[in-house]
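A look at the structure
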4 protein chains.
Amino acid sequence: MSNGALSNLVHYSAPLRRFGGSALTRYLVLAGGLIAMTALTVPELRNSDAGTWLTVCLWCCLAYFAIESAGRIRAAMRAGTPMRHLLSPSGLVDIFAVIPVPIALLCGGAPETAWLLASLWVLKLAQNSPGLVQLGRVFVLEAKPLASVLVLFLIVLFMASAAMHVLEREGQPVAFGTLPASLWWAVVTLTTTGYGDEVPQTALGHLLGAAVMICGIATFGLWTGILATGFAAESRRRNFIQTWDLVSKVPFFQTLDPSAITEITHMLRRVEVPERIAVIRRGKVGDCMYFIADGEVEVDVTPTPVRLGTGAFFGELALLGDLIRTANVSTTVQSTLLILDLADFRTVMAHHSELARAIDAEGKRRLGENERQRELDLQGDTASS
Amino acid sequence: MSNGALSNLVHYSAPLRRFGGSALTRYLVLAGGLIAMTALTVPELRNSDAGTWLTVCLWCCLAYFAIESAGRIRAAMRAGTPMRHLLSPSGLVDIFAVIPVPIALLCGGAPETAWLLASLWVLKLAQNSPGLVQLGRVFVLEAKPLASVLVLFLIVLFMASAAMHVLEREGQPVAFGTLPASLWWAVVTLTTTGYGDEVPQTALGHLLGAAVMICGIATFGLWTGILATGFAAESRRRNFIQTWDLVSKVPFFQTLDPSAITEITHMLRRVEVPERIAVIRRGKVGDCMYFIADGEVEVDVTPTPVRLGTGAFFGELALLGDLIRTANVSTTVQSTLLILDLADFRTVMAHHSELARAIDAEGKRRLGENERQRELDLQGDTASS
Amino acid sequence: MSNGALSNLVHYSAPLRRFGGSALTRYLVLAGGLIAMTALTVPELRNSDAGTWLTVCLWCCLAYFAIESAGRIRAAMRAGTPMRHLLSPSGLVDIFAVIPVPIALLCGGAPETAWLLASLWVLKLAQNSPGLVQLGRVFVLEAKPLASVLVLFLIVLFMASAAMHVLEREGQPVAFGTLPASLWWAVVTLTTTGYGDEVPQTALGHLLGAAVMICGIATFGLWTGILATGFAAESRRRNFIQTWDLVSKVPFFQTLDPSAITEITHMLRRVEVPERIAVIRRGKVGDCMYFIADGEVEVDVTPTPVRLGTGAFFGELALLGDLIRTANVSTTVQSTLLILDLADFRTVMAHHSELARAIDAEGKRRLGENERQRELDLQGDTASS
Amino acid sequence: MSNGALSNLVHYSAPLRRFGGSALTRYLVLAGGLIAMTALTVPELRNSDAGTWLTVCLWCCLAYFAIESAGRIRAAMRAGTPMRHLLSPSGLVDIFAVIPVPIALLCGGAPETAWLLASLWVLKLAQNSPGLVQLGRVFVLEAKPLASVLVLFLIVLFMASAAMHVLEREGQPVAFGTLPASLWWAVVTLTTTGYGDEVPQTALGHLLGAAVMICGIATFGLWTGILATGFAAESRRRNFIQTWDLVSKVPFFQTLDPSAITEITHMLRRVEVPERIAVIRRGKVGDCMYFIADGEVEVDVTPTPVRLGTGAFFGELALLGDLIRTANVSTTVQSTLLILDLADFRTVMAHHSELARAIDAEGKRRLGENERQRELDLQGDTASS
């Protein structure tokens with residue numbers, strides 16, 4: 001695995017560490033609650049001693065979510081916008097997580113049924129998930145073609161089930177005797193789920209069934225194609241917005257004309273790296289360089305490590321040379337880095353000679369320093385020996 | 001959710017309001033008719049009192065569609081092209097929706113069978129659906145590769161079912177004893193539907209079955225890939241055609257040279273916004289600016305709101321500054337807006353200095369006005385206190 | 001449907017007419033042979049009078065293919081390359097279609113089994129199908145990533161079936177008692193076929209099964225993604241090669257510099273139009289213009305239609321004006337046209353002023369002619385009245 | 001099939017030959033081991049004479065893997081990094097392949113169970129598979145959107161199974177009586193596997209089931225779209241990195257400015273060709289030219305074949321003329337070639353006049369030589385006759 005891939009893994013696994021705080025607790029409570037809720041529906045567990053413990057566990061989770069929600073509502077009240085918070089997606093999830101179960105129990109619902117409402121807790125996963133908004137935008141922006149696919153789907157569904165009803169109602173009065181039953185068959189077949197609880201048995205029924213399956217594949221091929229196209233566009237847009245802000249914080253880019261800045265913004269990828277994470281490991285193959293949009297890194301050169309702050313760049317030496325990293329680099333505080341891949345680095349160097357000169361000069365200066373350091377070390381070694 | 005996403009949701013949900021007119025009625029009649037037709041096939045409902053009501057409901061729907069079709073035919077006759085209308089897709093759908101059921105009843109068909117022809121009403125969904133034409137074009141333009149995939153499909157289908165027939169006919173004479181039965185298995189398996197009504201049971205049969213499943217996945221992966229490629233190209237083309245007309249209506253773009261106009265046309269996205277819809281909400285994050293191709297909006301600044309008409313632009317202040325919207329903007333009449341995303345806005349600003357200057361100047365003028373207004377307000381406050 | 005879409009449909013449906021010659025016969029013989037072969041495996045048909053007729057029909061098809069193959073071999077012998085032809089894909093298909101059935105019958109195979117070899121006739125579909133080569137190239141070029149997906153597939157397959165064998169062999173000795181049986185389950189599940197003949201029943205088995213299904217979706221999502229990427233690249237390359245030759249035949253493009261020719265070659269789409277087909281219909285919306293790479297069209301203007309030959313262009317008037325076609329245009333002989341879409345037309349006009357001027361001048365000249373014609377008509381009308 | 005496609009097939013099938021060495025042996029041992037392990041689980045085989053042979057075969061495979069692993073560990077120890085090797089993916093696979101089976105047997109596990117651990121051998125396929133790292137990177141880079149799709153999946157899963165549990169527990173206490181059973185149904189349905197072991201039977205259950213199936217298709221359409229987008233980006237990046245090194249080795253490109261080099265690097269595709277493989281066949285259609293990054297080829301021109309070494313190019317004559325190859329070209333040693341497709345060749349020729357001139361001049365020189373050779377041949381023929 002190349003160093004770039006490794007350090008990416010590091011970047012992305014890093015948030016896991018921070019879960020040590022509240023996020024991990026929250027996810028554990030959520031997982032515990034959902035498992036307990038699921039277990040409570042099994043009669044052997046519910047009616048044994050474990051049932052009591054499961055109920056206690058569920059009440060604890062409910063209490064946790066209630067406290068969490070209360071905190072959020074209090075914060076909203078302080079900000080003077082309590083109703084706005086309650087009607088926001090996040091506020092509604094809080095309400096749906098806390099209120100239904102107690103109400104169901106108060107209304108006299110059987111506990112095993114009332115606690116089923118705890119399945120609403122799974123919505124907590126959607127809170128603070130910016131990615132879901134992005135996926136939602138894809139559906140919104142591609143709403144028209146997706147609706148057309150649904151229209152196609154409905155047309156095939158109705159016509160196929162009416163035809164199958166006519167063809168098979170004699171032979172299979174239970175499976176195809178009514179149109180609702182036939183519609184169920186059509187949905188199961190069009191989505192290529194194929195339970196097999198209702199299967200046509202006449203020759204014509206088989207022909208029609210084959211046509212429906214192929215229509216299903218065609219329809220959902222289009223569906224996937226639309227979503228792929230939409231996601232690619234949305235992804236490019238989102239990346240630009242996330243990076244734009246940060247690019248303006250790197251003084252290095254300020255010397256460029258606006259057209260060049262726009263071009264580079266499209267190329268950069270933003271990553272958040274927690275403190276004390278190795279971004280670059282010496283001796284690995286490197287396929288990208290880094291700009292520090294915010295934070296600080298330590299370059300592990302002897303005898304004294306060098307610290308680089310916001311606006312500095314590193315990792316360019318490997319790209320200028322033989323792609324082998326020459327030093328370890330790790331963050332000292334939580335940092336936001338901008339990654340420039342090798343292919344894009346080459347393009348930037350080729351198109352923007354002023355940037356190329358700056359990076360080259362800095363690279364040479366650093367190489368010179370490394371060299372001088374090594375000479376000093378050697379002299380030191382000689383002197384001390 | 002960002003303001004852009006929110007306002008997009010508003011744009012797209014807006015057509016729902018206009019359904020209050022004829023479109024909503026039409027869709028309700030259609031849904032009612034299809035549900036009644038479906039319910040009528042259930043013997044318990046058909047033979048009870050509900051059956052009468054369902055039949056009445058179906059006749060009403062039929063009458064509604066007949067009147068609607070008659071209106072369209074009359075309009076076509078006035079225009080002097082009745083045959084052309086009747087042979088157009090829309091005209092054919094009208095005929096198929098109205099005529100088959102009465103004819104079937106007149107010919108002495110059982111009502112429960114005759115009314116099944118009402119499933120043709122679902123084709124009404126395809127009328128006035130421009131998206132379907134676009135999807136159809138994808139199939140037409142990619143006809144050759146799609147046909148190749150079908151050829152692959154047919155080759156695997158025939159060879160696999162002949163082989164499976166040989167392998168399994170001894171053990172399962174019903175399921176694989178004839179080639180038609182074996183072909184049915186092959187279709188069900190290649191499309192990964194997998195009813196399970198016919199399953200190979202010998203070791204060689206299992207090997208062949210596994211190969212067929214993997215071929216199915218490979219074939220339909222190609223199918224999806226072709227449709228995705230075709231849809232991306234068609235989507236880009238369609239967007240250009242939809243936007244081109246409107247761009248020429250915005251005087252602001254007229255100063256640009258043809259090359260720049262073409263470039264910008266590719267970037268803009270057209271949306272229709274009904275009257276009195278909030279396009280921009282103050283305080284939200286903004287990731288796009290708007291040009292008014294047709295219509296009028298009201299910018300909610302104190303003390304007197306400003307109205308902007310066709311050819312004007314708004315929403316650029318957030319993009320020039322910190323991405324936070326500074327005022328509410330809503331439409332006063334139904335308007336056609338052109339959306340320019342942040343990423344494309346930056347590209348335009350960088351490449352076309354004359355546009356950049358114009359937008360910048362207008363932005364500064366508006367900011368200055370806002371400032372002056374605030375000062376006047378303050379003075380007014382001081383004076384009045 | 002826009003005129004462009006309509007005329008595309010015309011282009012693509014046109015080859016159907018030419019089937020009137022040998023191609024249609026060939027496809028009919030093929031379809032007839034495959035249907036007869038399929039029907040012969042049904043005992044009720046085979047042992048009745050129909051069986052004799054089916055066998056006669058099959059012998060006729062075989063004779064047809066034998067004659068066809070013989071013709072091809074003779075042609076190859078005349079060209080002096082008989083072995084090369086026989087070992088080419090097309091030659092091998094000819095051999096596989098003709099020889100196996102007689103050999104099987106001679107060797108004493110039962111007729112119902114021997115004729116099963118006629119399922120090899122379906123390979124005839126692949127002969128002369130250039131699209132299959134294109135799809136094959138996608139698989140070849142993306143061989144490495146596709147192989148990686150298969151490795152992933154095999155790893156999940158083996159580990160999942162070994163684990164499931166351990167979990168379920170006690171409870172279901174038939175379904176999961178041996179690893180081959182368990183592998184069959186894993187293939188059926190990983191490809192999401194899901195026959196349901198072998199289903200895990202323990203809680204752990206369910207967990208593992210769920211993981212396998214999700215792995216299946218992930219694996220084949222990658223598979224589809226790779227094929228989509230590969231097909232998009234291959235499609236772009238193929239279009240360029242098909243168009244490049246033709247562009248050099250249009251004198252109009254010869255004035256351009258090489259860079260512009262390359263750019264335009266990427267934009268053009270080639271279509272073959274048989275004789276006497278309407279390419280443009282007056283009054284329809286037009287979204288493309290046409291260059292005649294080879295052939296001739298007739299523009300239906302009064303009083304005398306104008307004929308345009310190889311190298312000419314038409315359909316540009318709608319793009320220069322309000323997108324409405326002003327005259328009917330149809331081919332007089334089989335023609336090869338190059339289509340330039342509106343979006344690309346705008347780009348070409350913007351970037352290449354010399355082309356823009358030429359098209360504009362020709363457009364104005366034609367408009368002027370139309371005008372003068374109308375005036376003459378009016379004068380004629382006045383004179384005659 | 002065009003020559004390009006053919007020679008690509010040759011390129012890619014070539015590694016198969018080299019398997020003659022250790023790689024083929026290794027794959028055969030792996031396949032043999034996995035088949036023997038699978039066969040050993042079948043009681044009829046295990047308890048017959050074949051069982052002994054299978055066990056012997058398995059021990060041989062285990063020995064082979066042990067020796068292979070020992071070799072790698074020794075090499076790592078010589079390099080002074082034994083622990084680093086053992087903890088690397090490759091080292092872990094070695095350990096998992098060799099140690100578990102003996103341990104299980106020593107711990108007294110039944111042989112048929114102990115040998116099941118040999119299914120871990122399938123991980124050997126992942127060793128030395130650079131493609132898997134690339135696929136892994138796609139998952140890492142697209143981790144956020146993929147996680148969002150999983151969140152969507154989990155939300156639908158829990159809410160649908162809780163609802164289905166309520167709807168169907170009365171009628172089907174075994175299939176939907178507990179939430180775990182209901183979750184199993186939901187997974188089987190959402191992934192469109194559809195075993196059919198648990199099927200809703202009430203009308204509301206059918207409606208909910210249909211909704212779940214459609215959600216499944218929507219969810220995994222997004223999933224595929226994300227992977228397609230990610231793979232396209234990763235593929236472009238990877239190709240650049242693979243080609244960049246080689247481009248710098250072709251002196252021909254050294255005359256270009258950095259911007260042009262970057263542009264061309266994006267266009268080139270790298271292939272490894274073993275010795276004595278025909279890259280170009282005379283008379284075939286050619287759609288690409290080749291640069292020799294490393295190695296040597298022989299151009300088969302009369303009377304004396306010409307040899308071209310590292311840095312030379314060939315195959316450009318067909319692209320400059322009528323696309324027909326004029327000579328056979330084959331490798332003399334294992335070579336690394338860079339392929340430039342026709343479309344990209346045209347673009348390069350158009351944009352970089354200095355390259356165009358160089359290729360053109362070389363092409364003319366070679367054509368002249370060919371001509372002169374032919375004249376000499378003719379004179380020779382005349383003289384000798």
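As the structure is a prediction and not an experimental result, all values here were calculated from the model.

So, how was this worked out
- Residue numbers restart at each chain and count upward from 1, following the sequence in its written direction.
- Naming scheme: in the order in which they are written, chains are lettered from A and ligands are numbered from 1.
- With pLDDT at 70 or above as the cut-off, local features in this predicted model cover only qualifying residues; side-chain atom pairs require 80 or more to be listed or tallied, and sums for whole chains, interfaces and linings still use all residues.
- Working from all heavy atoms in the structure, the side-chain values ignore hydrogens and water.
- Under the scheme used here, helices are H or I runs from DSSP no shorter than 4 residues and strands are E runs no shorter than 2 residues, and both carry numbers assigned from the N terminus.
- Each radius of gyration is computed over the set of C-alpha atoms, and the globule rule expresses the reference value as 2.2 Å times the number of residues to the power 0.38.
- When a residue's accessible area, from a 1.4 Å probe over protein chains only, is under 20% of the maximum for its type it is buried; when over 50% it is exposed; and in between it is partly exposed.
- Residues count as neighbours in contact if any of their non-hydrogen atoms are within 4.5 Å of one another.
- Note on areas: these come from Shrake-Rupley sampling with a 1.4 Å probe, and a residue is covered only by the protein chains present in the view.
- None of His or the chain ends enter the tally, which takes Lys and Arg as positive and Asp and Glu as negative.
- Charged groups are reduced to one reference atom each: NZ for lysine, CZ for arginine, CG for aspartic acid, CD for glutamic acid.
- Note: buried area is the sum, over both parts, of the accessible area (probe 1.4 Å) each one loses when the two are combined.
- The rule for a salt bridge is simple: a side-chain nitrogen of Lys or Arg has to be within 4 Å of a carboxyl oxygen of Asp or Glu.
- N or O atoms closer than or at 3.5 Å make up a polar contact, with two conditions inside protein: a donor-capable atom paired with an acceptor-capable one, and, for residues adjacent in sequence, both atoms drawn from side chains.
- Paired strands, as defined in this entry, are two strands with at least two bridges between them according to DSSP.
- To get an axis, a line is fitted to the C-alpha atoms, and for a helix only the part in contact is used. The angle between two axes follows their N-to-C directions and goes from 0 to 180 degrees.
- Pairing of aromatic side chains here covers Phe, Tyr and the six-membered ring of Trp, requires ring centres within 6.5 Å, and sorts the geometry by plane angle: under 30 degrees stacked, over 60 edge-to-face, intermediate tilted.
- Any Lys NZ or Arg CZ found within 6 Å of a ring centre and within 35 degrees of that ring's normal is scored as a charge over the ring.
- Side-chain atoms within 4.5 Å are what join buried Ala, Val, Leu, Ile, Met, Phe, Trp, Tyr and Cys residues into a set we call a nonpolar core.
- When the copies are superposed, the least-squares fit draws on C-alpha atoms of residues that have pLDDT of at least 70 in both.
- Multiply 1.5 Å by the residue count of a helix minus one, and that product is the helix's expected span.
- Note on terminology: angles under 35 degrees are roughly parallel, angles over 145 are roughly antiparallel, angles of 65 to 115 are roughly perpendicular, and the others are oblique.
- Left-handed describes a crossing whose near helix is turned anticlockwise from the far helix by less than a right angle; the clockwise case is right-handed.
- Nonpolar residues are Ala, Val, Leu, Ile, Met, Phe, Trp, Tyr, Cys and Pro. Charged residues are Asp, Glu, Lys and Arg, and all others, Gly as well, are polar.
- Only residues whose relative accessible area exceeds 30% and that form no salt bridge are eligible for patches; like-charged ones are grouped when within 9 Å, while nonpolar side chains (Val, Leu, Ile, Met, Phe, Trp, Tyr) are grouped when within 5 Å.

Some words on the overall build of chain A
The helix and strand inventory of chain A stands at 18 helices and eight strands. Computed over the C-alpha atoms, the radius of gyration of chain A is 30 Å, more than 25% above the 21 Å expected from 2.2 N^0.38 for a compact globule of 385 residues. Seen through its principal axes, chain A has C-alpha atoms that stretch 100 × 55 × 50 Å. Out of the 385 residues in chain A, the part that is buried amounts to 51%. Partitioning the intrachain contacts of chain A with sequence separation of at least 6 by distance along the chain shows that 72% fall at a separation of at least 24. By element, 64% of the accessible surface of chain A is carried by carbon and sulfur atoms, the whole surface being about 16,800 Å². Between the mean site of the 31 positive side-chain charges and the mean site of the 33 negative ones, chain A shows a separation of 5 Å.

Observations regarding the interface of chain A and chain B
Facing 58 residues of chain A, the contacting portion of chain B comprises 54 residues. Overall, the association of chain A and chain B removes approximately 4,800 Å² of surface from exposure, summing both partners, and the carbon and sulfur fraction of that is 75%. Counting across the chain A and chain B interface gives one salt bridge. When the shortest N-O distance is used, the salt bridge between R237(A) and D341(B) registers 3.4 Å. Remark: the boundary between chain A and chain B carries six residue pairs in polar contact (both at pLDDT 80 or more).

Some words on the environment of A211(D)
Mapping A211(D) onto the fold places it in helix α13 (residues 203-247). For the pair A211(D) and W121(D), spaced 90 residues apart in sequence, the C-alpha separation works out to 41 Å.

Details of the sheet that holds strand β2 (residues 278-280) of chain A
Residue and element names in this part refer to chain A. Reading across from one edge, β2-β7-β4-β5 is the order of the four strands in this open sheet, with antiparallel pairing throughout. A strand with exactly one partner marks an edge of an open sheet, and here the two such strands are β2 and β5 (306-308). Averaged over all pairs of adjacent strands, the angle between strand axes in this sheet comes to 30°, irrespective of strand direction. Pairing geometry for strand β4 (residues 297-299) and β5, over three bridges, is antiparallel. Counterpart to V299 in the pairing with β5 is V306.

A closer look at the packing of aromatic side chains
Residues and elements named next belong to chain A. Summed over the entire model, instances satisfying the criterion amount to 34 aromatic pairs over all chains. Ring centres of Y64 and F65 lie 5.9 Å apart, and the angle between their planes is 75°; this geometry places the pair in the edge-to-face category. We classify Y64 as partly exposed; its relative accessible area is 26%. Each member of the aromatic cluster is reached from another via a ring pair, and the members are W59, Y64, F65, W115 and W121. The ring of F313 has R366 lying over it, and the distance from NZ or CZ to the ring centre is 5.3 Å.

A look at the environment of P111(A)
Residue and element names in this part refer to chain A. Its place among the elements puts P111 in helix α8 (residues 111-114). For P111, a relative accessible area of 45% gives the class partly exposed. It is 51 Å that separates the C-alpha atoms of P111 and L337, two residues lying 226 residues apart in sequence.

Description of the nonpolar core
Counting 247 residues, the largest nonpolar core has W121(A), W121(B), W121(C) and W121(D) as its most contacted members. Once residues lying within four places of it in the same chain are set aside, the contact partners of W121(C) are L30(C), G33(C), L34(C), L58(C), C61(C), L62(C), F65(C), A97(C) and W115(C). Formed by 116 residues, the second largest nonpolar core is a distinct cluster that contains L319(A), A293(B), L256(D) and L338(D).

Quick look at the relation of the copies chain A and chain B
Under the fitted operation, chain A is carried onto chain B by 0.0 Å of movement along the axis and a turn of 90°, and the coordinates agree to an RMSD of 0.0 Å. Taken together, the rotation angle and the small translation identify this as a four-fold axis.

Topic: unusual backbone geometry
A negative phi angle characterises most non-glycine residues, just as the trans form characterises most peptide bonds. In the Ramachandran plot, R276(A) falls in the positive-phi region, its phi being about 55° despite a non-glycine side chain. Secondary-structure assignment places R276(A) in the loop between β1 (269-273) and β2. Positioned with a positive phi, T192(C) is a non-glycine residue whose angle comes to about 55°. Looking at the secondary structure, you find T192(C) in the loop between α12 (179-190) and α13 (203-247). Residue class for T192(C) comes out buried when judged on its relative accessible area of 9%.

What about the pairing of strand β1 (residues 269-273) of chain B?
All names here are of chain B. A one-sided burial pattern is seen for β1, the buried positions being R269, V271 and V273 and the unburied ones R270 and E272. Relative to strand β8 (residues 335-341), β1 runs antiparallel, the two sharing five bridges. Paired with R270 across the two strands is L338, which belongs to β8.

Remarks on the environment of A50(B)
Residue and element names in this part refer to chain B. Take A50: it is sitting in helix α4 (residues 49-78). Look at A50 and you get partly exposed, because its relative accessible area is 28%. For the pair formed by A50 and A36, sequence separation is 14 residues and the distance between their alpha carbons is 10.0 Å.

Structural notes on α13(C)
An ideal rise of 1.5 Å per residue puts 66 Å on 45 residues; α13(C) measures up with 66 Å between its terminal C-alpha atoms. Of all 45 residues in α13(C), 32 are buried, a share of seventy percent or more.

Describing helix α12 (residues 179-190) of chain B
Residue and element names in this part refer to chain B. Between its first and last C-alpha atoms α12 spans 16 Å; for twelve residues at 1.5 Å apiece the expected length is 16 Å, and the two agree. Of all twelve residues in α12, eleven are buried, a share of seventy percent or more. When we look at burial in α12, the residues that qualify are L179, A181, S182, L183, W184, W185, A186, V187, V188, T189 and L190.

Here we look at the packing of α13(D) against helix α15 (residues 258-267) of chain D
Residues and elements named next belong to chain D. Following both chains from N to C, one finds α13 and α15 inclined at 120°, their axes separated by 8 Å at the closest point. Viewed along their axes, α13 and α15 adopt a mutual orientation that is oblique. The hand of the α13/α15 crossing is right-handed. On α15, the residues touching R236, N239, F240, T243, W244 and V247 of α13 are I261, T262, T265 and H266.

Some details on the side chain of K124(B)
Residue and element names in this part refer to chain B. Of note, K124 is situated in the loop between α8 (111-114) and α9 (130-141). According to the relative accessible area criterion, K124 is buried, its value standing at 2%. One polar contact links K124 to D94, side chain to side chain, over a distance of 2.9 Å. Setting aside chain neighbours within four positions, we find K124 in contact with R26, L30, F65, E68, S69, R72, V93, D94 and A97.

Quick look at the sheet that holds strand β6 (residues 313-314) of chain C
Residue and element names in this part refer to chain C. Within the open sheet, the four strands sit side by side as β1-β8-β3-β6. Their pairing is antiparallel. With partners counted over all chains shown, the strands left at the sheet margins are β1 (269-273) and β6, one partner each. The sheet contact formed by strand β3 (residues 288-294) and β6 spans two bridges and is antiparallel. Across the sheet, residue F291 finds its bridge partner in β6, namely F313.

Quick look at the packing of helix α12 (residues 179-190) of chain A against α13(D)
As a packed pair, α12(A) and α13(D) sit with axes 10 Å apart at the nearest point and diverge in direction by 20°. Viewed along their axes, α12(A) and α13(D) adopt a mutual orientation that is roughly parallel. In the packing of α12(A) onto α13(D), the handedness of the crossing is left-handed. On α13(D), the residues that touch W184(A), V187(A) and V188(A) of α12(A) are H206(D), G209(D), A210(D) and M213(D). When its residues are assigned to classes, the contact of α12(A) with α13(D) shows five nonpolar, two polar and no charged.

Focus: a nonpolar patch on the surface
Residue and element names in this part refer to chain A. A cluster of nonpolar side chains, namely M83, L87, L92 and F96, defines an oily patch on the protein surface of about 400 Å² accessible area. Among the secondary structure elements, those contributing two or more residues to the nonpolar patch are α5 (82-87) and α6 (89-98). Mapped onto the fold, M83 is located in helix α5.

Things to note about the pattern of salt bridges
Under the defined criterion, the tally for this structure stands at 70 salt bridges over all chains. Three or more residues are tied together by salt bridges with common partners; here these are R26(A), E68(A), R72(A), D94(A) and K124(A).

Don't take any of this as a statement about function, it's just geometry.
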